[in-house]
Structures are given as structure tokens and as C-alpha cells.
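For reference, the chains in residue letters:
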Amino acid sequence: PFYDCIVLNGTVVTAADIGRYDLAIKDGKIMLLAPAGHLARTSATRVIDAEGAYVMPGGIDAHVHLAEPPLFGKGRTADDYTTGTRSAVAGGTTTIVSFAPQEKSESSLLDVLNTTAEKAADQAYCDYSFHLLISNPTAQALDEFTALRERGISSIKIYMTYEALQLRDNQILDVLLRARETGITTMIHAENGDVLSWMTKQLEDRKLLAPKYHATSRPQILESEATNRAIALGELIDTPILIVHVSSPSAAQVIRQAQTKGLPVYAETCPQYLFLTRDDLDKPGFEGAKCVCSPPPRQGPEDHEAIWAGLKNGTFTILSSDHCPFIYDDAESGKKAAITPEFPEGHFKYIPNGCPGVETRLALTMSADRLTPQKFVELTSANPAKLYGLYPRKGALIPGLSDADLVIWYPSDTLEPFPITNSALHHNVDYTPYEARMISQWPRYTLIRGEVVWDRDNGGVVGRKGYGQFIKRDRSSLTNSNPSPWTVESF
Ligand code: DUC
Ligand code: ZN
Ligand code: ZN
Ligand code: ZN
């Protein structure tokens, strides 16, 4: 047969279009899109009948934490490159971008990149790249930005909070200027770390320590203030920034204002800000700890509505998982996160911040049925590919150019609504914050470079560890590529 695989009778969706097509794959690439009924079954070695279901470019999750040491000072991440990417493919995600975290004591970013690359080598089920997480922007670290670009790394993440990670405004400016010069996109965790410490002290003084006070310690204003400041610093340097994991309607509003001015400000949100609320942190004992993430889930339906609106109106560029589960009860160290001799009942400030979600991101969002299929692809695949320099190899279905990375869903109304259960997931975590939540869709097949790696009804995860490749990335294609030199005289 001429083709390796054909997908017949699909409702093929990209960020731009939707229509009934047959699709042909050869040598791991999309080779042809043809009107439905055009391709003979005998033309390919493997035939997949989509039966009218959506066929989309595979999910790209540009915010995933794997195999990280206890950088937040508490707990190590639960998933490594094997379990995290296995979970990804079972949820329809074909490429992840995870973090290569610099600790303050490490001066060379290239060393950090090499260490992380070793952790991922021959381990991954899906394709992957890294964002460099910068906690100590020394002269040496900044000088290495050019070398990072040559290694295919075109984005970095910085923090405005957490003692072990927080950069001061002058350090942020140093980073942004060098990022501008080297064509790097800077992701910013925008929460005011000093206000957060102060709020935490107020709660401690009143002995308010249960998990729900995690949310109290991080009110919306602390996010919108930092977001506003991050945008101001980015405007001063005139360089693109992305605000990660936006949870607050007030922060979304600040971002929208900046975008309306024409500033290159991008934003990400996550399912936990569409489906969880502060009440999920308020459960007996330390159960609520499972939904502690930062920023915290907000108050209720009005907050969720504002985030959905931001997804629809373009305020949010991407929808990522921020998959960041931790080992709470660590057999290796014998430590229980959140429990200390001083606070035997636990204390919210010792709960590691993050929850699992790489596997549930697409199914939860699809089942909510709030976005057009094209918008769904834009937010979960095409835009992350463009923003982080993977497009059109990833995030598109352009014959000859795009990898044959696909997520194929069930025909509508063929799955009875069913509950999410942790036992059906593939991560290395003993809970999901979405346990028992009803959904109506799940990826039926996931293909990466033409190979079926997930077949829900015949074998489940059928891909293999080590199949996933490191993908070199170009600069972002969402902004102009050649800014004029930055000078202080222009102010
Ligand atoms: N930020 C993240 O991006 N992930 C987990 C915790 C955090 O604060
Ligand atoms: Zn963060
Ligand atoms: Zn994160
Ligand atoms: Zn989280």
C-alpha cells in the first residue's frame, strides 16, 4: 500500500477549519486531506474509521511538571517522564513542554538543560521539549540564552513568588532584556510574593491553618497586581510575555486591557480554574490538600464564567494543565508533606502547590461543550505550537509539513456519560481532583508521527516508552521576529 495509515470519515478540525475529510499518513507526516470517500481502504497498511467523529491535531500541553526536585521546598513531583507522558497520550496529548528547573545554587543553565534532558531520554511516550525555569539570573545564566536557542529552547519561566524562586523586579528586567535580544518568550508566574508572605503570617497569628486557607492567603488582588506589574516590565522592554495559569477574572481583565493597547501579552489558563472552586479545598482533614494549587481555585460560578469568556474572546492564548502533582507521603524521605513537628495537624503553607491534570485536560474541556471545535483546537494545540515555536510541525494538519499527531474522539452521543475515576488514569498519583465528575467524551485514539499510541478500546496505551522525541523549537511565531535594538535613550 502507498500510505502507512489512513483515517476515513472524520470530521477533521483545525484551528481554522472544520469539514468531512479522509486523511492519509506516510512516513510519520500528514500526506493528504481529501474529500470523504476519496481514499480506498486498500491504499494503506492501516485503516482507522473515525465514523464521523472529530479528528484533530494532537493536544499540546505546554505546562507540565515532571521529575522535578522539591523546588518549592516541599515534596518532589510525583510523575517522571515515563508516567507523565503515558498519562498524556492516554488523554490525547501528543507533545508536552515541561520544565528544566534551575536551583539558585546552579549557575549554568546548560547544565540544567543537560540534566533534565538525561531524565527524559528514552523515557517518554510522547514528544517533548523544555522551558528553562530561571531562579538565579546571573551574568553567566543570561549569557547562555543564545546557546539555549541553538539547542532549540525558545522559552523560559520566571516566578514573582516563592522564596526559593522569586525574582525582584530588577532581575526580571535583566531577564526580559536578554530574552528580547535572543528571541525568547518569557513565561511569568504572577503572584505578589511579599503580600502572600504577609497574608500567611496574618492567618498563622490567628491559627487558621487548614488547606482552605491556602486560598485565603492568595486573594485575587495579589494575582492582578503582579500581572499588572509583569505587563509593565514587559512593556518597558518591549518584549513578549505570557502570564501562566491565570485564575482570576481581575487578572484576565488587566491582560485584556494590555492586549487592547496592542502589547504582546499572552495568557494561559487551566482546567482547575474552570472546574474547581475554593470549596474543593474545604474538606475534612487534609483531603482538601489534594486540590491545593497556585494560584488557587476561585470562589464560584461567576469566576468560572469569566475564565470561559476569556477563552472565547481571545484573552487566553492557550489552555494548559499545569500538571504538577506531588508525593504527599514520601516513602523515600519518610516525610509527609504538610505535616511538621511544629504543626502535627498540618499547615497549608507546607502543602506542595499543584495537582494532576495532563490526562484529563482535553476530555474535561471537550465534555463541557462550551467552545467551538475550532476554538478548542486553537487553545489546546495550534496556539501552544505557535507560541512556543513548534508550528506547523505540531498543532496543524498541513500535508507535507505537519507530523501525523492526531487525537480522534468518539462519534457524538456514542459514549454514555461516565464518571472520571482515578483508577482509569495513567499517572503515578493516587488521586484526581476530578474524581466522580461526569464527562461525555474521551479520546478514542491518539497517534504520534503516524503510530497509534492510545487505542482506548483495544489495548489502551499501545505506544512504547522511548518513542517520544525531543523536539527542537524555533522562536515564537505569534510576534514580530526582528525588534529594533532597545535603547535607554528612547525613554
Ligand atoms: N506554579 C506552577 O506553575 N506550578 C505549580 C506551582 C506553581 O506555583
Ligand atoms: Zn507557577
Ligand atoms: Zn506549573
Ligand atoms: Zn494545580
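Residues numbered from 1 in each chain as written. Chains lettered and ligands numbered in written order. Predicted model: local features only at pLDDT ≥ 70, side-chain atom pairs only at ≥ 80, totals over all residues.

Caption draft 1: The site of ligand 1, seen in detail. Close to ligand 1 lie His65, His189, Val244, His245, Ser294, Asp322, Cys324, Asn353 and Gly354. A class-by-class count of the residues in the shell around ligand 1 yields two nonpolar, six polar and one charged. (Near = placed C-beta within 6 Å. Nonpolar A, V, L, I, M, F, W, Y, C, P; charged D, E, K, R; others polar.)

Caption draft 2: Spotlight on helix α2 (residues 109-120). Its 12 residues place the ends of α2 17 Å apart at the C-alpha level, agreeing with the 16 Å of an ideal helix rising 1.5 Å per residue. If you check which residues of α2 are buried, you get Leu109, Val112, Leu113, Thr116 and Ala120. Buried residues of α2, viewed axially, fall in a sector of 100 degrees; they line one side. Exposed side of α2, more than 90 degrees from the buried face: Asn114 and Glu118 are the residues found there. Summarising the contacts, the buried residues of α2 are in contact with α1 (81-90), β7 (93-101), β8 (127-133), α3 (139-143) and α4 (145-150). Remark: aspartate 122 follows α2 within two positions and exhibits a positive phi of approximately 60 degrees. (Helix = DSSP H or I, 4+ residues; strand = E, 2+ residues; numbered from the N terminus. Expected span 1.5 Å × (residues − 1). Buried ≥ 20, exposed ≤ 12 C-beta atoms within 10 Å, placed from the backbone. Arc of directions from axis to C-beta. Contact = placed C-beta atoms within 7 Å.)

Caption draft 3: Summary view of the sheet that holds β8. Read across the open sheet, the eight strands follow the order β6-β7-β8-β9-β10-β11-β12-β13; overall the sheet is parallel. Here the strands that pair on one side only, and so sit at the sheet edges, are β6 (59-64) and β13 (318-319). With four bridges connecting them, β6 and β7 associate as parallel partners. Its bridge partner lying in β7, aspartate 61 is registered against isoleucine 96. In the packing of helix α8 (residues 220-237) onto the sheet, the strands contacted are β10 (185-189), β11 (241-243) and β12 (265-269), and the crossing angle to β11 comes to about 175 degrees. (Pairing = 2+ DSSP bridges. Axes fitted to C-alpha atoms, helices over the stretch in contact; angles between N-to-C directions.)

Caption draft 4: Quick peek at the UniProt feature "modified residue: N6-carboxylysine" (unreviewed entry) in the protein chain. UniProt records the feature "modified residue: N6-carboxylysine" (unreviewed entry) at Lys157, using the numbering of this structure. As for its position among the elements, lysine 157 is in strand β9 (residues 155-159). By C-beta crowding, lysine 157 is classed as buried, having 21 other C-beta atoms within 10 Å. (UniProt positions renumbered as here; feature names shortened; annotations may be inferred.)

Caption draft 5: Up close: the nonpolar core. Ranked by size, the top nonpolar core spans 123 residues in total, and within it Val55, Leu132, Ile243 and Ile408 carry the most contacts. No other element matches the seven residues that strand β1 (residues 3-13) contributes to this core. The next biggest cluster of nonpolar side chains, apart from the first, holds 20 residues, and it includes Ala289, Tyr328, Phe348 and Val429. (Core = buried A, V, L, I, M, F, W, Y, C linked by C-beta atoms within 7 Å.)

Caption draft 6: Summary view of the environment of alanine 90. Mapped onto the elements, alanine 90 comes out in helix α1. For the pair alanine 90 and histidine 426, spaced 336 residues apart in sequence, the C-alpha to C-alpha distance is 7.1 Å.

Caption draft 7: Region of interest: the confidence of the model for the protein chain. On average, residues of the protein chain carry a pLDDT of 95, and 98% of them reach 70 or more. Under the prediction, the complex receives an ipTM of 0.89, its pTM being 0.97. (pLDDT = per-residue confidence, 0-100.)

Caption draft 8: Highlighting the packing of helix α5 (residues 169-182) against α8. Direction vectors running N to C along α5 and α8 enclose 45 degrees, while the axes themselves pass 9 Å from each other. Taken together, α5 and α8 sit at an angle that is classed as oblique. Of the two elements, α5 crosses α8, and the hand of that crossing is right-handed. Touching Asp169, Ile172, Leu173, Leu176, Leu177 and Arg180 of α5 are Leu233, Gly234, Leu236 and Ile237, all from α8. Looking at side-chain class alone, the contact of α5 with α8 contains seven nonpolar, one polar and two charged residues. (Parallel < 35°, antiparallel > 145°, perpendicular 65-115°, else oblique. Left-handed = near helix turned anticlockwise from the far one by under 90°.)

Caption draft 9: Seen up close, the pairing of β10. Judged by how many residues are buried, β10 sits mostly within the fold: five of five residues are covered. Residues Thr185, Met187 and His189 point to one face of β10 and Thr186 and Ile188 to the other, with burial holding for every one of them. Of the pairings in the sheet, the one linking β9 to β10 comprises five bridges and is parallel in character. Note that in β10 the partner of lysine 157 across the bridge is methionine 187. The β-α-β motif built from β9, the intervening α5 and the parallel element β10 has right-handed crossover chirality. Pairing geometry for β10 and β11, over three bridges, is parallel. Paired with threonine 186 across the bridge in β11 is isoleucine 241. (Right-handed = clockwise from strand over helix to strand, strands pointing away.)

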